[in-house]
Amino acid sequence: MRHIQRRIALLALPALVGSILVATGPAGADPTGPSAATSRSQPEDRESVRLVQIRLTGADMLDKVVAAGFDLEHGLRRVPTGIEGEAVVTAEQVTELTAMGVEVLADDAGFAWSDQADGGIGVDAAGARAVQPSNHQATVRIARADWFTTKGQGFLYVEARTTEGQQADPIVGMQVENDSGKGTPFGFARTMSRFVDSGQYMFHRNLFKLDTRPTRIQVTSSTGGVTTGVVSNWLENAPPPLTANPSYKSDFVDGYKHPQQLYSRAKEIARQYPDIAEIVYLPNQTNGYQRKAQAQLGGTGQAAVVVTSAAWGHEGGNDITVEFVDRPDANLPLAVEVTGKAVRVLLATDAAGAPASTATQVADALRTRSAGLIDRAHPYRTNEGSGIVAPTAGPVALTDFLDQKRVGAPEGEVPRGPATIPVLRIGKHRDGKKPGVLIQAQDHAREWVPATTSLESAERLVHNYRSDRETKKIVENTDIFFILSNNPDGANYSFYNFASQRKNMTNHCPDASADPGQRNSWGVDLNRNYRVGSGHDGYAGGSTNCVSGTYQGPEELSEPESKNIIWLVEKYSNIKFMMSVHSNGGQLFWQPGAYIADGRITTPRPPLGDEAFYWQSAARILSQVKAHRETVVTPENVGGSSDVLYSSAGNVREDLYYTYGIYAFGWEVGGSVYNPATGDWQGGSFQPEWTGNPELVSGHAETMEYANGIMEMFRVAADWGKDKKDPTSRLIPGDGKYRGPVDVRFETSEPATIYYTTDGSRPTLESPRYAATEFREPGQVFHVTETTTFRWFSVDSAGNIEKNYDPTKKDKRNNYRTATITIAKK
Ligand SMILES: [Zn+2]
């Protein structure tokens, strides 16, 4: 079977065919103004309208084109060379776009979009676009209608769109009704919530508590649009989990583990199970659980001096003392005396013998005259340091503050200095031939459950390998890499000093934020430090402020912890799956995970085959989570993270998926669980009590249930590695003669991406991709108005190509698929 590196194509190729564009020409311009002629170039004859795929150089050109009246907001996507999208236009409008510098990439004459042909956008006598489409049937679409139960309670989740959703005045409302089983009438009307993000209408969505499973729903918009849909099951009827085998062993982790415990257990596992486990050391040491020693002296505000040692605290900085000394005589100059590690600043005096040195003068003297003990001294925060410093009561000891243990910190000393992160690699055949899975936990230091969840999964693999058939299959067919804590410095700080630490320990702050009062806010958010869709490239959700919780770092991959991940996936190119494990949102994410806020332009949407594979995998993983104690991660918390949550610029998932073609999940363990006693969902926390209420919030219960999910991810990877079966696909309806326009769509036998042409050319990886109607919706529908031949092939998530077709070279067999829709002329 032929495999291709599918996702190399993702960024390299025009990721073109996407959502349906409402067929508008330039609209809304003043019909009497200079642009009136072009504004009026609305298609009179639908046959002459066509879909073109376009590329804009960037946001500036987009602004220009939109200002000229073209409606391109829908379905735009960011590509390395600019912004790509689609427009439904006449030949005249194509000329207009080209004149504006827009590159027309492909031109699909021959069919038009159903939204348009089914009534579409009316045009009034003056040529301005009518606001109301004439056919309301087409203006409401249901994206999801999912039913699930948890702890004896039923829930219905509905997600639906109106094509008028962006409209602001008046805002279009939506209502959902449901039946109460097959054949029963609709009723129980409820209002839906409008979800708007970064100024863009997303969809309406709600989670409703219901006692009876409905079979159908009906969604109505306030402008009269109405549609019905069938209710699906979410995480119902899952296959038995691994834990269903009575001899299966689990529940190995007995409490939270700090990095030293995690790493020493990882090394012990490698020693105990040398036939299936080993340690791989990551090459870049962390910047260390260490700090410079500091003190703030001389007074407050303008008189305060912030002093920082040249050496790390544990390497001598903590032994330094600084004293500001008052002397009785008049008119003395500022001087510095250094004896061993004792620094004495002899303050200048005025004519009356009073201290006369300003904070700036003292700081300058310390930096230059402390025999190298102090290399950073400056006024406090944004002060100029114009105040006269006060003498100290005696020598003041500098400290790195790391010996100030927080209440409840574990026993023992934490090793200071840089850490080397071990990767626990588990697999019977660690030769690069089995699909690799990277489990990367605790990028964020305060997230303790991800580490225990990952360790529990590793323990289950090695303990069940010999006794459990399903575990043996995992170990023999995958190559698993566990990073049990990817932020050991921050994690130690969270355990021993400041429980809410999120970032690593690297202090990139300028003087204004470098005083010890800011020490709990230093560090880089490791999950904002990557290269794709990063804040440095203008994506939203990463901060340039060094004390922000989402500080992205001074540059992409500035931190050793993120460099290590790139090193690992480049060295072990068999890694095809990745789970970035976080807490405590109760979510499962993939791409897109970042967008440019202005216009809400996301990183490219995964092809439909990847999207379907992500959903299929998510359902498997979450079903096994549910099997433990009925915790349900709801569908509103599953999908592209920027579609359902927010943009996180420079996250690891975007880099691994777009650069290396790795299926990269983001996993928020913990989160809300339904409490039948109160009828409410109860939220989780970063460090829930380990032995908390096992039915509600408990570190132990979360560890066990989410480890179920990680084990299922291994099974997903093992199945993927063994998938040698071609996908099959079909056009519905297929070949045939039709009396009038026909709506057609593709269907595949498994998650697969279709590349197709309608212009007579052979399909290649550069051909348009069959896409979703809109994100989180099923595949688009083509409205075929003229005789059209579709040529296509499909590629499954493992890279198998339908009928073994080779799209990369001329193939005389031409064994792609074809179907001709023949439209009879009247
Ligand atoms: Zn996190």
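First, a word on what this report is: a plain description of the structure on this page.

**As for the overall build of the protein**
The number of helices and strands found in the protein is 15 helices and 40 strands. For the protein, the residues scored as buried account for 59% of the 826 residues in total. In the protein, of all internal contacts separated by at least 6 residues, the share reaching a separation of at least 24 is 75%. Accessible surface, the protein: about 31,000 Å² in total, of which carbon and sulfur atoms supply 50%.

**Let's talk about the side chain of Glu712**
Among the secondary structure elements, Glu712 is positioned in helix α15 (residues 699–722). By relative accessible area, Glu712 is classed as buried at 3%. In terms of polar contacts, Glu712 uses its side chain to reach the side chain of Arg620, at 3.0 Å. Setting aside its immediate chain neighbours within four residues, Glu712 contacts Arg620, Ile621 and Gln624.

**Looking at the coordination of the zinc ion**
When a metal holds four donors in a tetrahedron, each ideal angle between them is 109.5 degrees; when it holds six in an octahedron, the ideal angles are 90 or 180 degrees. Distances from the zinc ion to its protein donors, namely His444 (ND1), Glu447 (OE), Glu447 (OE) and His582 (ND1), fall within the range 2.0 to 2.5 Å. Here the zinc ion is ringed by 4 donor atoms whose angles at the metal span 56 to 143 degrees, and the overall shape comes out irregular. Ordering the donors of the zinc ion by residue number gives the pattern H-x2-E-x134-H. With Glu447 in the loop between β24 (436–441) and α8 (449–464) and His582 in strand β26 (residues 575–583), this residue pair connects regions lying 135 residues apart in the sequence. Comparing Glu447 with His582, the two get one shared label, buried.

**So, the packing of helix α6 (residues 259–272) against α8**
Interaxial distance between α6 and α8 falls to 11 Å at its minimum, and their mutual angle equals 10 degrees. With respect to their mutual orientation, α6 and α8 come out roughly parallel. Regarding α6 and α8, the two cross each other, and that crossing is left-handed. Here Leu262, Arg265 and Ile269 of α6 lie close against α8, whose contacting residues are Ala451, Leu455, Glu459, Val462 and His463.

**Notes on the packing of aromatic side chains**
Evaluation of the coordinates by the stated rule reveals 38 aromatic pairs. Their ring planes at 65 degrees and their centres at 5.3 Å tell us that Phe195 and Phe203 sit as a pair that is edge-to-face. For the pair Phe195 and Phe203, one class covers both residues: buried. When the centroid spacing of 5.2 Å and the interplanar angle of 85 degrees are considered together, the rings of Trp590 and Trp615 count as edge-to-face. One end of the pair, Trp590, is in strand β27 (residues 587–590); the other, Trp615, is in helix α12 (residues 608–629), and 25 residues separate them in sequence.

**Concerning the sheet that holds β27**
On the basis of which strands lie adjacent, the open sheet formed by 8 strands has the order β15-β23-β25-β24-β26-β31-β27-β30 and mixed pairing. Each edge of the open sheet is held by one strand with a lone partner, namely β15 (277–281) and β30 (638–640). Going across the sheet, the axis of each strand differs from the next one's by a mean of 20 degrees, ignoring polarity. In this sheet, strand β23 (residues 422–426) lies alongside β15 in antiparallel orientation, the contact comprising 5 bridges. Counterpart to Ile279 in the pairing with β23 is Leu424. Helix α14 (residues 652–660) contacts β24, β26, β27 and β31 (663–669) of the sheet and is inclined by roughly 160 degrees relative to β31.

**Structural notes on the nonpolar core**
If you look at the biggest cluster of nonpolar residues, it comprises 96 residues, and the most contacted ones within it are Leu424, Leu438, Phe482, Leu656, Trp667 and Phe714. The biggest single contributor to this core is α15, with 8 residues. Once residues within four sequence positions are removed from consideration, Leu656 is found in contact with Leu438, Ile565, Ile566, Val569, Met578, Gly661, Ile662 and Ala664.

**Notes on α14**
Where burial is concerned, most of α14 is hidden: 7 out of the 9 residues are buried. Every buried residue of α14 is accounted for by Val652, Arg653, Glu654, Asp655, Leu656, Tyr657 and Tyr658. The N-capping residue of α14, defined by a side-chain oxygen 2.9 Å from the backbone nitrogen of Arg653, is Asn651. Positive phi shows up at Gly661, right after α14, with a value of about 70 degrees.

**Considering the sheet that holds strand β13 (residues 226–230)**
If you walk across this open sheet you meet the 4 strands as β9-β8-β12-β13, and the pairing is antiparallel. Both outer strands of the open sheet, β9 (187–191) and β13, are each paired with one neighbouring strand and no more. Looking at each pair of strands side by side, their axes are set apart by 25 degrees on average, direction ignored. With 5 bridges connecting them, strand β12 (residues 216–221) and β13 associate as antiparallel partners. Residue Gln218 lies in a different strand from β13, and its bridge partner there is Thr228.

**Quick look at the side chain of Gln501**
With respect to the helices and strands, Gln501 occurs in the loop between α10 (488–496) and α11 (560–571). Taking the relative accessible area as the measure of exposure, Gln501 reaches 2% and is therefore buried. Within polar-contact distance, the side chain of Gln501 engages the backbone oxygen of Lys503 at 3.1 Å. Here Gln501 is in contact with Ala445, Arg446, Gly490, Tyr493, Ser494, Asn520 and Trp522, once residues within four sequence places are set aside.

**A look at the pattern of salt bridges**
Pairs may arise between side chains of opposite charge once their charged atoms sit close together. If you walk through the whole model with that rule in mind, you get 39 salt bridges. Linking Asp525 and Arg502 is a salt bridge whose minimum nitrogen-to-oxygen distance equals 2.7 Å. In this pair, Asp525 is assigned in the loop between α10 and α11 and Arg502 in the loop between α10 and α11, connecting sequence segments 23 residues apart. Residue Asp525 is classed as buried on the basis of its relative accessible area, which comes to 0%. We note a salt bridge from Arg620 to Glu712, for which the minimum N-O separation is 3.0 Å. Of the two residues, Arg620 is situated in helix α12 and Glu712 in helix α15; the sequence distance between them amounts to 92 residues. Under the relative-accessibility criterion, Arg620 is labelled partly exposed at 27%.

**Here's the deal with the pairing of β31**
Regular strands place their side chains on alternate faces of the sheet. Most of β31 sits inside the fold, with 7 of its 7 residues counted as buried. Across the two faces of β31 the burial is the same, with Tyr663, Phe665, Trp667 and Val669 and Ala664, Gly666 and Glu668 all buried. The pairing of β26 with β31 spans 7 bridges and is classified as parallel. Bridged to Val581 within β31 is Trp667.

**Observations regarding the packing of α11 against α14**
Running from N to C, α11 and α14 point in directions that differ by 30 degrees, and their axes come no closer than 12 Å. Accordingly, the angle class assigned to the pair α11 and α14 is roughly parallel. For the pair α11 and α14, the crossing hand works out as right-handed. In this structure, α11 uses Ile565, Ile566, Val569 and Glu570 to contact α14, whose residues at the interface are Val652, Asp655, Leu656 and Tyr660. Its residues assigned to classes, the contact of α11 with α14 shows 6 nonpolar, no polar and 2 charged.

Parameters at a glance
- Residues numbered from 1 in each chain as written.
- Predicted model: local features only at pLDDT ≥ 70, side-chain atom pairs only at ≥ 80, totals over all residues.
- Heavy atoms only, no water.
- Helix = DSSP H or I, 4+ residues; strand = E, 2+ residues; numbered from the N terminus.
- Buried < 20%, exposed > 50% of the residue type's maximum accessible area, 1.4 Å probe, protein only.
- Contact = heavy atoms within 4.5 Å.
- Areas by Shrake-Rupley, 256 points an atom, 1.4 Å probe, with all protein chains shown as cover.
- Polar contact = N/O pair within 3.5 Å; in protein donor to acceptor, adjacent residues only side chain to side chain.
- Donors = N, O, S within 2.8 Å, 3.2 Å for Na, K, Ca; no water.
- Tetrahedral: all angles 85-135°; square planar, octahedral: opposite > 155°, others 65-115°.
- Axes fitted to C-alpha atoms, helices over the stretch in contact; angles between N-to-C directions.
- Parallel < 35°, antiparallel > 145°, perpendicular 65-115°, else oblique.
- Left-handed = near helix turned anticlockwise from the far one by under 90°.
- Phe/Tyr/Trp six-rings, centres within 6.5 Å; stacked < 30°, edge-to-face > 60°.
- Pairing = 2+ DSSP bridges.
- Core = buried A, V, L, I, M, F, W, Y, C linked by side-chain atoms within 4.5 Å.
- Salt bridge = Lys/Arg side-chain N within 4 Å of Asp/Glu carboxyl O.
- Nonpolar A, V, L, I, M, F, W, Y, C, P; charged D, E, K, R; others polar.

Bear in mind that shape data such as this cannot, by itself, settle questions of function.
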